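Results of the structural survey
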Amino acid sequence: MTIVEQLITSFIAAAGFGIIFNAPKNALIQCGLVGMIGWILYFVLVQHDMDSVPATVFAAMLVAVLSHICARIYKTPIIIFSVSGIIPLVPGGMAYEAMRNFVENDYALALQFSAKVMLLAGGIAIGLMFSEVANQVIRKIGKKISQLRKIS
Amino acid sequence: MNNSNEIAKVCMLAGKIMLECSAETYRVEDTMDRIARAYGVKNPQSYATPTGINFAIDRAEQANFMRIAKRTTDLYKIAEVNSISRRIAAGELTIQAAIDHLHQLDSHSFFYSKRLQVLAAALVSGCFTIMFGGIWADFIPALVAGGIGFIGLLAFERLVEIKFIAEFFASFIIGIIAVFFIQTGLGVELDKIIIGAVMPLVPGLHITNAVRDLMAGHLIAGVSKGVEALLTALAIGAGIAIVFAFV
């Protein structure tokens, strides 16, 4: 039941962000799907007792890979799909907790939350970076293979 | 090359539109170089930052400069410029036709209607409350708070020039509405309502762009976008914090 709940809400949230960022009309569904799949991976991993930082890394990786595929198929810049996919993973809630504890003079707890926020933001960066690197490597290997075929 | 002035114009116009729509800086430079190469320029030199473009048709040639004053988020225009540059690279567009196409794109605002945007922001807020472990009783309060907060953002953006102030006031409004829902007993968890309602303001685009620019080696652009994201986050946090200070 919770999974179904999460599927529906994350799809609407990601597609809604597509509207706020003025994504092309025919890309909204794909935006929603990319966001939904990335979020569900994160959600399931966290539910199976994985720490939120590695879960964010894996989800960001998946989002980036899916966005690359969509960008290839629809011949549009990758940013259109990756933005709405990444946003559910942005540690907004954690940043909020940090801010709130700063205001309530609980600095120890606030710093703890801030450190977590930085780790999560770094996790998103690593996830995006990994798929970027993988994409470049695959492209280069593909070129090499086609060159070798020409020679032989 | 006798038409180098026109080529520079096409490249800079494309770059300007992309930067104004918050595209990644490395993509902007890449697009400008591709367009220039398609028109036969051998060594185009482009340098873009979030606030300005430099472009020269060759090494040690005179450089053209353009200032980017205002930046919004518009994925549609980024995709359109991309498809125009693809057509240029395929040799389908003459220089004059490209300038006309880009001018047309620049002057049109293709935004979804404001009403639809507010509706989307409201739905996003409600959904995020559920995604972050909230209960369905808080769906409507978050929906209302997020929607009104987004209206506030749009209104303040018209009133004040500084974007961060508008974000600050929007999150302040969200905080007040959320507290109001709790006080009247309509909402249950204050934290979940506020987190959900604040999400449409979160600078997710700038964070991803900053990361991608840094990875592509555009250190200045990446750092400045990261600072922009940080300032936005601080503005949102400060708006909520003020509400907490009085509750």
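Residues numbered from 1 in each chain as written. Chains lettered and ligands numbered in written order. Predicted model: local features only at pLDDT ≥ 70, side-chain atom pairs only at ≥ 80, totals over all residues. Heavy atoms only, no water.

1. Looking at helix α4 (residues 95–107) of chain B
In an α-helix there are 3.6 residues to a turn, and that puts residues three or four apart on one side. All names here are of chain B. Condition: Only runs of H or I of at least four residues qualify as helices and only runs of E of at least two qualify as strands under DSSP, and these elements are numbered from the N terminus. A helix's residues, less one, multiplied by 1.5 Å, set its expected span. Relative accessibility under 20% of the residue-type maximum defines a buried residue, over 50% an exposed one, and the middle range a partly exposed one, all with a 1.4 Å probe and only protein chains included. For this quantity, the arc is that covered by the directions from the helix axis to the C-beta atoms.
End to end, α4 covers 18 Å across 13 residues, agreeing with the expected 18 Å (1.5 Å per residue, within 8%). Along α4, the residues that are buried comprise I95, A98, I99, L102 and L105. Considered in projection along α4, the buried side chains sweep an arc of 130° and stay on one side of the axis.

2. Description of the sheet that holds strand β1 (residues 45–49) of chain B
Adjacent strands of a sheet form backbone hydrogen bonds with each other and so pair up, either parallel or antiparallel. Residues and elements named next belong to chain B. For clarity, the threshold we go by: When DSSP finds two or more bridges between two strands, those strands count as paired. Where helices are involved, their axes are fitted lines through C-alpha atoms of the stretch in contact, as for all axes, and angles between N-to-C directions lie from 0 to 180°. In what follows, residue pairs with any heavy atoms lying within 4.5 Å of each other are defined as contacts.
Spatially, the 3 strands line up as an open sheet ordered β1-β2-β3, and their pairing is antiparallel. The open sheet has two edge strands, β1 and β3 (63–67), and neither has a second partner. Taken over all neighbouring pairs, the strand axes of this sheet differ in orientation by 10° on average, direction set aside. Direction of pairing for β1 relative to strand β2 (residues 52–56): antiparallel, over a ladder of 5 bridges. If you follow Y47 over to β2, its bridge partner there is N54. Lying over the sheet, helix α2 (residues 25–38) contacts β1 and β2, oriented at roughly 155° with respect to β1.

3. Let's talk about the UniProt feature "domain: Threonine/Serine exporter ThrE" (unreviewed entry) in chain A
Stated precisely, the cut-off is as follows: UniProt positions are given in the numbering used here, feature names are shortened, and annotations may be inferred rather than shown by experiment.
Here, the residues flagged by UniProt with the feature "domain: Threonine/Serine exporter ThrE" (unreviewed entry) are residues 6–133 of chain A. For residues 6–133 of chain A, the helix share is 82%, the strand share is 0%, and the end-to-end C-alpha distance is 30 Å.

4. Structural notes on the packing of aromatic side chains
Each aromatic ring pair is described using two quantities: the centre-to-centre distance and the angle formed by the ring planes. In plain terms, the rule: Two rings from Phe, Tyr or Trp (for Trp, the six-membered ring) form a pair when their centres sit within 6.5 Å of each other. Planes less than 30 degrees apart are called stacked, planes more than 60 degrees apart edge-to-face, and all others tilted.
Inspection of every chain in the model, using the stated rule, returns 12 aromatic pairs over all chains. Centroid distance Y74(A) to F81(A): 6.3 Å. Interplanar angle 40°. Geometry classified as tilted. Overall, F81(A) belongs to the buried group, its relative accessible area being 1%. Aromatic pair F168(B) and F169(B): ring centres 5.5 Å apart, planes at 65°, arrangement edge-to-face. The exposure class assigned to F168(B) is partly exposed, which follows from its relative accessible area of 22%. Grouped by ring-pair contacts, the aromatic residues F17(A), F21(A), W39(A), Y42(A), F128(B) and F132(B) constitute a single cluster.

5. Some remarks on the environment of G134(B)
Residue position: G134(B) is located in the loop between α5 (114–131) and α6 (139–159). When near neighbours in sequence (up to four residues on either side) are disregarded, G134(B) contacts T129(B), E189(B) and K192(B).

6. Points about the pairing of β3(B)
Residue and element names in this part refer to chain B. Within β3, only 0 of the 5 residues are buried, which leaves the element largely exposed. Summarising the sheet, β2 and β3 pair through 5 bridges and their orientation is antiparallel. Residue A56 lies in a different strand from β3, and its bridge partner there is A63. Hairpin connection of β2 to β3: 6 residues between the antiparallel strands, including A60 at a positive phi of 60°.

7. Describing the UniProt feature "transmembrane region" (unreviewed entry) in chain B
Residue and element names in this part refer to chain B. Mapped onto this numbering, the UniProt entry gives "transmembrane region" (unreviewed entry) at residues 116–133, 139–156, 168–187 and 227–246. In the segment residues 168–187, helix accounts for 80% and strand for 0%; the C-alpha atoms at its two ends are 23 Å apart. In the segment residues 227–246, helix accounts for 100% and strand for 0%; the C-alpha atoms at its two ends are 29 Å apart.

8. Quick look at the interface of chain A and chain B
This is how it is decided: The term buried area refers to how much accessible surface (probe radius 1.4 Å) is lost by two components on association, counted for both of them together. Any carboxyl oxygen of Asp or Glu within 4 Å of a side-chain nitrogen of Lys or Arg constitutes a salt bridge here. Polar contacts, as used here, are pairs of N or O atoms within 3.5 Å; protein pairs need one atom able to donate a hydrogen and one able to accept it. Residues neighboring in sequence count only if both atoms are side-chain atoms. We call Asp, Glu, Lys and Arg charged. Ala, Val, Leu, Ile, Met, Phe, Trp, Tyr, Cys and Pro are nonpolar, and the rest, Gly among them, are polar.
Of the residues lining the interface, 40 residues belong to chain A; the matching set on chain B comes to 49 residues. Both sides together, the interface formed by chain A and chain B hides about 4100 Å², and carbon and sulfur atoms give 76% of it. For the chain A face of the interface with chain B, the top three residues by lost area are I20(A), N22(A) and Y96(A), together amounting to 16%. At the boundary of chain A with chain B, the tally comes to 1 salt bridge. Joining chain A to chain B, the criterion identifies 8 residue pairs in polar contact (both at pLDDT 80 or more). At the level of secondary structure, the elements contributing two or more residues to the side of chain A that touches chain B comprise α1 (2–20), α2 (28–47), α4 (79–86), α5 (92–103) and α6 (107–151) of chain A. Among the elements that line the side of chain A that touches chain B, the one with the most residues is α1(A), at 11 residues. When its residues are assigned to classes, the side of chain A that touches chain B shows 25 nonpolar, 9 polar and 6 charged.

9. A few points about the nonpolar core
Note the threshold: The criterion is simple. A nonpolar core is a set of buried Ala, Val, Leu, Ile, Met, Phe, Trp, Tyr and Cys residues joined through side-chain atoms within 4.5 Å. Bear in mind that the domain bounds are from an automatic or database domain assignment.
Counting residues in each nonpolar core, the largest one holds 105 residues, and the members touching the most others are L89(A), V10(B) and Y39(B). For this core, the element with the most residues is helix α1 (residues 4–20) of chain B, which contributes 10 residues. Three or more residues apiece are contributed to this core by two domains, here domain 1 (4–107) and domain 2 (114–246) of chain B. The residues touching L89(A), leaving out its near neighbours within four places in the chain, are W39(A), Y42(A), T56(A), A59(A), A60(A), V63(A) and I124(A).

10. Quick notes on the domain arrangement of chain B
Residues and elements named next belong to chain B. Per the domain assignment, the segments making up chain B are domain 1 (4–107) and domain 2 (114–246). The partner domain 2 presents 12 residues to the 10 residues of domain 1 that form the contact. Of the roughly 1000 Å² buried between domain 1 and domain 2 on both sides combined, carbon and sulfur atoms contribute 53%. Seen at the junction of domain 1 and domain 2, the total is 1 salt bridge. Put simply, E228 and R71 hold a salt bridge, and the shortest N to O gap is 3.3 Å. Sort the elements by how many residues they give to the side of domain 1 that touches domain 2 and α2 lands first, with 3 residues. A breakdown of the residues in the side of domain 1 that touches domain 2 according to their chemical character gives 4 nonpolar, 3 polar and 3 charged.

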